[in-house]
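# Examining the three-dimensional arrangement
As a plain string of letters, each chain reads:
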Amino acid sequence: MASLGVEAEQEPLLGHSIPGSREWDIIETEEHYKSRWRSIRILYLTMFLSSVGFSIVIMSIWPYLQKIDHTADASFLGWVIASFSLGQMVASPIFGLWSNYRPRKEPLTVSIFISVAANCLYAYVQVPASHNKYYMLVARGLVGFGAGNVAVIRSYIAGATSLQERTSSMANTSACQALGFILGPVFQTCFALIGEKGVTWDTIKLQINMYTAPVLLGAFLGILNIILILTVLREHRVDDSGRQCKNINFEEASTDEVQVPQGNIDQVAVVATNVLFFVILFIFALFETIVTPLTMDMYAWTREQAVLYDGIILAALGVEAVIIFMGIKLLSKKVGERAILLGGLIVVWVGFFILLPWGHQFPKIQWEDLHNNSIPNTTFGEIIITLWKIPREDHNEGPTGCPVEQAWCLYTPMIHLAQFLTSAVLIGIGYPSCNVMSYTLYSKILGPKPQGMYMGWLTASGSAARILGPVFISQVYAAWGPRWAFSLVCGMVVLTITLLGVVYRRLIAFSVRHGRIQE
């Protein structure tokens, strides 16, 4: 599958021109083409490392937090988890606006340096005598702030590719991001072999163990990333046809560059795409959150079984997403981005509809109180514990099943395992399709003008969705159960499909809208 991305990238915008001719110079020289794609691939790597920075410690945050500060509770854990998305939400428009007026190297280098510093802080949070949990909160928030460079990456790739190349490039970007989310926990698992004690470097008071080694690796990779950006990345901007454009980001001007085409951006399409992107990420964030408590309630899995089986399911969905990202590049050339987005939403709706409980078989009831075995009514942090808390010392899991304090367990039919797995596969198809198509369309709607600020708002809306999705599903699921929770999600998807239908004709490329290119 990886060869599809390379093949698409190796399709230069040179037409049938002869090197040295005037037409060749105006469209793109071979040197410019190679430099442009080297820069884009560096940003693929940056996107990969950004997602690794989030996922590489996600499995160990809770035990590490308990180790360094015994006053930390489940409520505080929720803030630690959410701080990444909060930081990214704040930073994205800032870095995006910065990239509109200055060379992209500047916000990229600064953002990665912030992430490196934050990872180093995370490695030292056990050193202070008190308030350790607040240092961890700040560290994760700053890692998220550094991850705001996603807006710069997307705006750069959108501006450095023609309409013909855009979908393929955005799919590659999403594939790199998905790989980062998949491999992050794998790296964490490898470092678990070091153990909690690890080794201590007394001179600099650095303890290298299963909790700190992943972030130290992240810091090292971040430094390498900065070096690559400073030495390899060059500013490139092309119009929708692939011709070089003048822009303030360019370090050198060329007499062959064309002016950025003038025209107004369709703000209705911009707002609609932001809403679509928010809903798409909101729905997947709530699905990721509900997987563990749902399977524990429905199938009486122990915590240990849930961590193992659900981890395998989510990893499989990640692999499925990468395959979808690769296949979409071919499919979009035949049916178009809007049709794939609509189809993806329909598949997601079918996935959640299948999850609705039917029949007369009920889940096993857990009559004995067991904390953290399903979503409680209290805090967001306790939801996170159900996903990532690893049993410690005592391997007696206690009673399993659907807790009797959740009244809906007594009258709601169970969701069969075949239902759940079928739904997961469908959502795993629909989500990546919608994800990559939404911001591919967004970049085309914005056109060849600097997109940093707009991409910043898009990334911020996605970050807000990742914060609100888990909160929404936790409250509805705990109070009313899966029937109401998934019915509301189905209704939300129907409204989203309706919105897409209303604005469908407006979701076209800037150059197509202004009559410069035929669709």
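Residues take numbers from 1 onward in each chain, read along the sequence in its written order. The predicted nature of this model means local features are confined to residues of pLDDT at least 70 and side-chain atom pairs, given and counted, to a pLDDT of 80 or more, with totals for whole chains, interfaces and linings taken over all residues. Calculation of side-chain values draws on the structure's entire complement of heavy atoms; hydrogens and water are dropped beforehand.

## A short note on the overall build of the chain
Along the chain, the regular secondary structure elements total 18 helices and 4 strands. Here's how the labels work: a residue is buried when its accessible area is under 20% of the maximum for its type, exposed when over 50%, partly exposed in between, all with a 1.4 Å probe on protein chains only. By residue count, 58% of the 519 residues in the chain fall in the buried class. Any two residues whose heavy atoms approach within 4.5 Å are treated as being in contact. Of the contacts made within the chain by residues no fewer than 6 positions apart, 82% connect residues no fewer than 24 positions apart. For the chain, the computed accessible surface area is about 21,500 Å², with 66% contributed by carbon and sulfur atoms. A run of H or I in DSSP counts as a helix once it spans at least four residues, and a run of E counts as a strand once it spans at least two, with each numbered from the N terminus. A 1.4 Å probe and the Shrake-Rupley method give the accessible areas. Residues count as covered only by the protein chains that appear here.

## Observations regarding the environment of Trp62
Relative to the assigned elements, Trp62 resides in helix α4 (residues 61-68). For the pair Trp62 and Gly78, spaced 16 residues apart in the sequence, the C-alpha separation amounts to 9.8 Å.

## Description of the environment of Ile473
For Ile473, the position within the fold is in helix α16 (residues 452-480). The spatial distance from the C-alpha of Ile473 to the C-alpha of Thr289 is 7.8 Å, given a sequence separation of 184 residues. Setting aside chain neighbours within four positions, we find Ile473 in contact with Leu286, Thr289, Ile290, Ala478 and Ala485.

## As for the side chain of Asn132
For Asn132, the location among the structural elements is in helix α7 (residues 132-146). Since its relative accessible area comes to 5%, Asn132 is described here as buried. Leaving out residues up to four positions away in the same chain, Asn132 has contacts with Ile68, Asp69, Val125, Gln126 and Val127.

## So, the confidence of the model for the chain
Per-residue confidence for the chain gives a mean pLDDT of 79; residues scoring 70 or more make up 81%. Low pLDDT, under 50, characterises residues 1-26; the predicted model gives this stretch 40 contacts beyond four residues in sequence or across chains. pLDDT measures how confident the predictor is about each residue, on a scale from 0 to 100. A low-confidence stretch, residues 251-259 stays under pLDDT 50, and its non-local contacts, those more than four residues away or across chains, total 18 contacts.

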